2 protein chains.
Amino acid sequence: MFRRQKAQDEGEKEPLLDEGEAESLADFRPLVVLEFSSKTTPVTREWMKSKIEASKRQGGADLNAKLVVARDGEERVLLVSAPQERLLQGAEQMGLKKKYKDGSVRAFTFAERQNVEDYTESLEGMLTMSQSQYIIKVELDNIRALEAENHIPGCSHPKARLYKGKSILSRMVSCHLLEKMYPVHNPEQLKRLQHDWYHLNKPKQLIGGQPIETIRGYFGESVAMYFSFLGHYTKALLVPTVIGVLYYLFNESGRNDFVIFAVFNMIWATVFLETWKRTSSAHAYNWGTLGRKVFEEPRAGFHGKLGVNPITGRSEPVYPSWKRLLRIYCVSFPIVILCMLVAVVVMMIYFWAENIAKAKHKEENTMLTQGLVLVPSIIYSVVIILMNQAYRTLAQYLTKNENHREQSAYENYLIVKLVLFDFVNCFLCLFYIAFVMQDMNYLRQSLAILLIVQQLVGQLQETLLPYLLMRKRIKKGEKSGLDHVSKPLHEIPRSKQAEVESLMDRYEGTFDDYLELFWQFGYVFLFSAVYPMAAFWALANNIMEIRTDAFKMCRIFQRPFMEPAANIGAWQTVFEVMGFIAVMTNMALIGMSPEIQPLLEGYTTIQKVLIFVAAEHLIIFIKVVLAFAIPDMPEWVETQMGRIEYQSTQALKKQAQLHRTRWMITSAPSLDYENYNHS
Amino acid sequence: MFRRQKAQDEGEKEPLLDEGEAESLADFRPLVVLEFSSKTTPVTREWMKSKIEASKRQGGADLNAKLVVARDGEERVLLVSAPQERLLQGAEQMGLKKKYKDGSVRAFTFAERQNVEDYTESLEGMLTMSQSQYIIKVELDNIRALEAENHIPGCSHPKARLYKGKSILSRMVSCHLLEKMYPVHNPEQLKRLQHDWYHLNKPKQLIGGQPIETIRGYFGESVAMYFSFLGHYTKALLVPTVIGVLYYLFNESGRNDFVIFAVFNMIWATVFLETWKRTSSAHAYNWGTLGRKVFEEPRAGFHGKLGVNPITGRSEPVYPSWKRLLRIYCVSFPIVILCMLVAVVVMMIYFWAENIAKAKHKEENTMLTQGLVLVPSIIYSVVIILMNQAYRTLAQYLTKNENHREQSAYENYLIVKLVLFDFVNCFLCLFYIAFVMQDMNYLRQSLAILLIVQQLVGQLQETLLPYLLMRKRIKKGEKSGLDHVSKPLHEIPRSKQAEVESLMDRYEGTFDDYLELFWQFGYVFLFSAVYPMAAFWALANNIMEIRTDAFKMCRIFQRPFMEPAANIGAWQTVFEVMGFIAVMTNMALIGMSPEIQPLLEGYTTIQKVLIFVAAEHLIIFIKVVLAFAIPDMPEWVETQMGRIEYQSTQALKKQAQLHRTRWMITSAPSLDYENYNHS
């Protein structure tokens, strides 16, 4: 629709857009930005633009597009937009669900738009901006090569092959022709969101109290789900914190009878995780993602022989699952086990070196030996960080190599790998101290140091690092003549916005945020029996965490595309498993503590051990029963889901009857239908 | 359609039907028989008949019905039938799934009937007889009272109230007006089924090898699922049997190192239960019951204030779930626990009395005291049987009192109650012998006796009892002049068939059969470490069990209505839980056995105990990982389900587009649709 004239372009290198251009851009309202790499030729870029603008019948996406020049003077930035009606039609095609005026949540249809709760005559506001951007992303992903197209035009890359049905965008990514693709921010909405979210002017919102619905509207379900979980977890920490602090204050005698507290914590972990399932399913119902199993397109990195997908019948790469299983069980699995063993060996070396250093210090007791005692710890800390980074790269490589078709499967297999190794890396030295060295004071001390240091480092990473990134960005921007780059987005002229956002870093998903909570959950729940104050530190951290994470989302990173989510996926299982491991560790810790012995006087040692084993089994049994007894959905959600199910069955029946009636008219008047009525 | 003349009826008391009547009945081909109680008046019966024959618009079922006289000379027997087209329309309304010629399994529609795999021009054979009968049952259940009907006509029962939408049949049952309702047998099919199923002429079919598809066709999914499970379980027992027998034969030294065997058994239980899930989902896919969550109508016994069902919007009794939860947790749960405690106390008394008797015998050693030693065992056996029966009645009463709306919920809560008590009743004395008395020889002996006796009693119950019932039936039949009653159904004239079947007992569902397997599973797997031969006895029993159960189904009982089933329901969980308990008992048994001690020389007693606890946790961990790693569905079923899901999404999109096109034509020509095409 907007065709730029070459002549006009050439005049406007710095500043990026002249006043007239900015005016016309104001009308255009870009939703998504694509940045081609400097390797692309104008032919390729114009071809892509025409593809995006072409009608669906011609294999295009039927969207509006506009090429603008980037900082290097090339027309490398493509702005994409669409009118509201087009987006609503896309929403219908995607099967997006909306709340109707009768209170039900079901698939949106354009024909029924007047019955939707937030219907307006201008159609504005019926889709959140993040939904609009997501629809555009899906439409762009779905631009597929036609029969005649077997190569990306104007591109000499040897791998730029195409075949009928291949997603053009994913090919452009895999050939490094497309550098960036991101949805633009909405400065006004963002300003309001920031205000509601993390400005500390509402003390009652200190814990939880996040504007989850607004977050979902702006960042989508996946991000909102993370923040809701973080809030729920933080609220759940309140109870152990209060008990832990009371123990700390009124238990000066030094006796550490944390038994009741530890048992409470083990049960509490299950209650918290089960109630979270209820909260998340209520969210998912309201957001229209509950029970919705959308057919997933293959990941960009997925490869295989060209074949036919048995589900869709479309031609796409096919990869036999026995090959994948072979790679998982014969390559990835042994390597992961090996890495875990290496981590164990490194830890053993550390303890061995420390022992030697300590012995030496005891023997000689000089300044030098005192310094020597610290050396193993310092080296070990550095080694842990290095191993962690190396392993992360390895895990990603292995999981990519497993060649999962779906992004969700890729993520789940990556989560399992990271969690297994991190468990060994973070907690094994504590297990060693607890169960091999059996030094409870050392354990308490190490736990406190690890928890607090790791949280401090985490907070710094999320405040200092972004700050440094921002400084770097500002410098880079100022060098190329952009003077708005240090300001919040709503203070920047609209025409400069895309350029500022382009400098921002990409948000890589909620992965690291969940991993951080996983560590913390481990420190708090695995060793409650020796260090009840852990809950307090975790709570304090999380109150900050909500704010720093929110700041990170709003100010540091490019806006991410929304991702539909009905729950927190594999993380739910990960936390649940940790809850069960916590029972074992805590019961072992309690059994070993000298304070518990007088309570069991008169029993033999074996009997004492057996009593603890029985108690451990009993607690696990209670947890399992609780998990069964607490329904995963609130009753109202269950009723609504039943209603949707029932109504769709009824609708199908009606449709079938329509079919039959048609058939009656056309082919078989002989059968006796007289008495047959559709009640 | 068939209206009988009064005059004709009065002549035919004995024999039941005259020759002409028998002829017309041969045309009629009854599918379902209803027997009114002797309390009903002719007015009520004629009203019911007219209801069944009335068109759907008039609130009827649009089926054919025929009143015939019963043995007491009253016209109390109502035969119901329907033409094939009517049944196929019912199948469509019910959402029955069928296999189409393209290999997919999806909802049957009459319009598409020509694309169904087993289509015939006459429409015969498109529904199995059990499906036809089930459709009639559903249609009969769905005859609902109209606005004007507030009482069953011709009935003085004070509770025979009706209200609009109330199922008339369930009211007739609750007022004891309807005595029996059962589908008739098909003698020819039955004969063939018997031949394929349990005639021992095919030795290769000794284990498994049942004609599951034919069973499903004749008795429906629920029964076929039970027999398939029984076959799968029997096959799975082969491996432990072979190992157990080998141990028995080549281990004459008396050393009982069953450790490896026991560990194998623990893992094997998981493998067997997980592979069963795969088998059952393959069945369910082929039978069109997979993923099908049908809206359940309320149970006949369900009561509550008349309200509106939030799912259907229809008026029906409503019962608040907090009241139900109150009854479950504050009435049923404490009573069940109390019963279990009583069982424990009774067991303790038994062991106490036996000890006294044994001591007395040791002291005096007379014939009298030798007899005395047996007295506690005899009394205890009788008490166990009495307690079991009393508890069963109590459990049914309690579960009815919980007032579950759905039959499935009622059954699940009943299963939990029975399984909890039976666990204590069957296995607790073995636990006592194993872990309190620590007498392994006595344990082995008791286990063998309990297992073999219980199986013998079970077999007798399923062969002798039916034989006695059959004798009684024959006598009863002969008294009233029926001389065909002792013959198999296919040797009886068709006109007498309903009368013979009416004398048969009702099959109460697969409940008792599963409970028997539960006991057996417990005996085999809970104590594998001391008695590996248990698997052999179980296998031998099950090979017989398949035949006796089959005989029972084919010859003893009235044909049951089929019940759709996608899996074995709560029993899967019950068996899985038993598998985990078995790890605990076996590891404890191994730890206690004197043979294991030399292997762990050099360790302290505590260390030994801890090693066993660690091993137990490891095995449980392996079981959990296995359960995760073995997919619950075969890959082809998963693909097919994904395909159905995808196609229905596509169909919904198309439908939505149809809507929009319609709307375009009628209301909004202003929007630009030119470029918008449906790819």
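Residues numbered from 1 in each chain as written. Chains lettered and ligands numbered in written order. Predicted model: local features only at pLDDT ≥ 70, side-chain atom pairs only at ≥ 80, totals over all residues. Heavy atoms only, no water.

**Some remarks on the UniProt feature "transmembrane region" (unreviewed entry) in chain A**
All names here are of chain A. On the UniProt side, "transmembrane region" (unreviewed entry) is annotated at positions that read residues 223-250, 256-273, 328-353, 373-391, 412-435, 521-540 and 609-630 here. Along residues 412-435 the backbone is 100% helical and 0% strand, and the end-to-end C-alpha distance reaches 31 Å. Helix makes up 95% of residues 609-630 and strand makes up 0%, while its end C-alpha atoms are separated by 32 Å. (UniProt positions renumbered as here; feature names shortened; annotations may be inferred. Helix = DSSP H or I, 4+ residues; strand = E, 2+ residues; numbered from the N terminus.)

**Observations concerning the state of the cysteines**
All names here are of chain B. Counting across every chain of the model gives zero disulfides over all chains. Left unpaired, C330 is separated from the closest cysteine sulfur, that of C339, by 17 Å. On the accessibility criterion, C330 (53% relative accessible area) is exposed. No disulfide involves C426; its sulfur sits 8.3 Å from that of C429, the nearest cysteine. The class of C426 is buried, set by a relative accessible area of 9%. (Disulfide = S-S within 2.5 Å. Buried < 20%, exposed > 50% of the residue type's maximum accessible area, 1.4 Å probe, protein only.)

**What to know about the packing of aromatic side chains**
For the coordinates displayed, the defined rule picks out 64 aromatic pairs over all chains. Between F229 of chain A and Y233 of chain A, the aromatic rings sit 6.4 Å apart at their centres with planes inclined by 10°, giving stacked as the arrangement. A residue pair is termed a helical-turn pair when its members lie 3 or 4 positions apart in one helix, as F229 of chain A and Y233 of chain A do in helix α9 (residues 221-250) at four residues. Centroid distance Y350 of chain B to Y380 of chain B: 4.4 Å. Interplanar angle 5°. Geometry classified as stacked. With Y350 of chain B in helix α11 (residues 321-364) and Y380 of chain B in helix α12 (residues 367-401), this residue pair connects regions lying 30 residues apart in the sequence. The class for Y350 of chain B is buried, based on a relative accessible area of 11%. Judged by relative accessible area, Y380 of chain B falls into the buried class, the value being 10%. Geometry around F561 of chain B places K137 of chain B over its ring, the cationic atom sitting 5.7 Å from the centre. (Phe/Tyr/Trp six-rings, centres within 6.5 Å; stacked < 30°, edge-to-face > 60°. Lys NZ or Arg CZ within 6 Å of the ring centre and 35° of its normal.)

**With respect to the pattern of salt bridges**
Taken as a whole and assessed by the stated rule, the structure comprises 38 salt bridges over all chains. The shortest N-O distance in the salt bridge between R86 of chain B and E139 of chain B comes to 3.1 Å. Of the two residues, R86 of chain B sits in helix α4 (residues 84-94) while E139 of chain B sits in helix α5 (residues 129-141), which places them 53 residues apart along the sequence. Neither residue differs from the other here; R86 of chain B and E139 of chain B are each classed as buried. Each member of the salt-bridge network shares a partner with another, and the members are K56, D62, R86 and E139 of chain A. (Salt bridge = Lys/Arg side-chain N within 4 Å of Asp/Glu carboxyl O.)

**Details of the packing of helix α10 (residues 259-286) of chain B against helix α16 (residues 511-526) of chain B**
Residues and elements named next belong to chain B. Relative to each other, α10 and α16 sit at 145°, their axes nearing to 10 Å. Touching N265, A269 and F272 of α10 are F521, V524 and F525, all from α16. A class-by-class count of the residues in the contact of α10 with α16 yields five nonpolar, one polar and no charged. (Axes fitted to C-alpha atoms, helices over the stretch in contact; angles between N-to-C directions. Contact = heavy atoms within 4.5 Å. Nonpolar A, V, L, I, M, F, W, Y, C, P; charged D, E, K, R; others polar.)

**Notes on unusual backbone geometry**
For residues besides glycine, phi is generally negative; the peptide bonds are generally trans as well. In this structure, L123 of chain A takes a positive phi of about 70° despite not being glycine. Considering the arrangement of structural elements, one finds L123 of chain A in the loop between β5 (105-107) and α5 (129-141). Residue L123 of chain A is classed as buried on the basis of its relative accessible area of 6%. Non-glycine residue H176 of chain B carries a positive phi angle of around 60°. As for its placement among the helices and strands, H176 of chain B is situated in the loop between α6 (168-174) and β6 (178-183).

**Notes on the sheet that holds β6 of chain B**
Residue and element names in this part refer to chain B. With antiparallel pairing, the four strands of this open sheet are ordered in space as β2-β3-β1-β6. Of all strands in the sheet, those bounded by a partner on one side alone are β2 (64-68) and β6. Across the sheet, the mean angle separating the axes of adjacent strands is 20° when strand polarity is ignored. The pairing of β2 with strand β3 (residues 77-81) spans five bridges and is classified as antiparallel. Counterpart to A65 in the pairing with β3 is V80. Helix α3 (residues 42-53) contacts β1 (32-36), β2 and β3 of the sheet and is inclined by roughly 160° relative to β2. Lying over the sheet, helix α15 (residues 494-503) contacts β1 and β6, oriented at roughly 115° with respect to β6. (Pairing = 2+ DSSP bridges.)

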